[in-house]
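What the coordinates show
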Amino acid sequence: PSLAEAAARERARRASAEPVVAFGPVGTAGEENVSVIVTPATPGFTSMRQLVAADNSAAPPAEREAEYLLRTTIAPEGSGKVAELLGARERVDAAGRSLFEMEYTVRGRAFYRHNVAVLCVAGGRLLTLNAQAAEEDWQADAGRRARLRACAESFAVVADATGGVPTF
């Protein structure tokens, strides 16, 4: 392949929603893991609140954002998946960035998972941390629940030496 083709493939790979990094128990199929996904944000998209800015719902913004993501991205109509929102909240980091947290389950034909996700728009990118486990394992092990929730709660966006968001 030419250099231009290789560069185009690399840009496409970076634009996809593949994890930048993922951790899980060795020797498993990935049912339990913690991953971080970094994707380019749509130009002008600077906050998760923009997802629901025009709706007229009385529900808190974090719940509306979570329901929107479940309905349009995680378990859209026709996907064969069913998602249930268990909770959502917004927190603000030291730099004033809004981090959006959501806890939900998602069931597909061959899986039933419990997820805790944190999303943040920073430096023109959408950063997503997702901690997940099989729902059966989540319910059976309080220690697992605590560890995965603690991981999500510790997620932060750190500035590089220039004060900007690091590139990935």
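Since we're looking at a predicted model, the values are computed, not measured.

1. Topic: the overall build of the chain
Secondary structure assignment for the chain yields 4 helices and 6 strands. Beginning at the N terminus, the succession of helices and strands in the chain can be written as α-β-β-α-β-β-β-β-α-α. Here the chain holds 168 residues, and the buried ones make up 36% of them. Relative to all contacts within the chain whose residues are 6 or more apart in sequence, the contacts with residues 24 or more apart total 42%. When the accessible surface of the chain is totalled, it reaches about 9,800 Å², and 56% of it is carbon and sulfur.

2. Side note on the pairing of strand β5 (residues 112-122)
With 9 of 11 residues buried, β5 lies mostly within the body of the structure. The pairing of strand β4 (residues 98-107) with β5 spans 9 bridges and is antiparallel. Of the residues in β5, the one forming a bridge with Y104 is N115. In this structure, β5 lies alongside strand β6 (residues 125-134), joined through 10 bridges in antiparallel fashion. Residue V118 lies in a different strand from β6, and its bridge partner there is L129. Between the end of β5 and the start of β6, which pair antiparallel, lie 2 residues, with G123 showing a positive phi angle near 60°.

3. Observations concerning the packing of aromatic side chains
This structure, assessed with the given rule, holds 0 aromatic pairs. Above the face of the Y112 ring, R107 is positioned so that its terminal group lies 3.7 Å from the ring centre. The lysine or arginine in question, R113, covers the ring of F111, its NZ or CZ lying 4.1 Å from the ring centre.

4. Remarks on helix α2 (residues 61-74)
The α-helix advances 3.6 residues per turn, and as a result positions three or four apart in sequence lie on the same side. Taking 1.5 Å per residue, 14 residues should reach 20 Å; α2 reaches 18 Å between its end C-alpha atoms and fits that length. Of all the residues in α2, the buried ones are A62, R64, E65, A66, L69, L70 and I74. Tucked into the core, α2 has its buried residues touching β3 (82-92), β4 and β5.

5. Considerations on the confidence of the model for the chain
Atom-level detail of predicted coordinates should not be read off regions where pLDDT is low. Confidence in the prediction of the chain, expressed as mean pLDDT, is 82, and 73% of residues score 70 or more. Of all secondary-structure elements in the chain, the lowest mean pLDDT belongs to helix α1 (residues 3-15), at 53, while helix α3 (residues 135-140) reaches the highest, 96.

About the cut-offs
Residues numbered from 1 in each chain as written. Predicted model: local features only at pLDDT ≥ 70, side-chain atom pairs only at ≥ 80, totals over all residues. Heavy atoms only, no water. Helix = DSSP H or I, 4+ residues; strand = E, 2+ residues; numbered from the N terminus. Buried < 20%, exposed > 50% of the residue type's maximum accessible area, 1.4 Å probe, protein only. Contact = heavy atoms within 4.5 Å. Areas by Shrake-Rupley, 256 points an atom, 1.4 Å probe, with all protein chains shown as cover. Pairing = 2+ DSSP bridges. Phe/Tyr/Trp six-rings, centres within 6.5 Å; stacked < 30°, edge-to-face > 60°. Lys NZ or Arg CZ within 6 Å of the ring centre and 35° of its normal. Expected span 1.5 Å × (residues − 1). pLDDT = per-residue confidence, 0-100.

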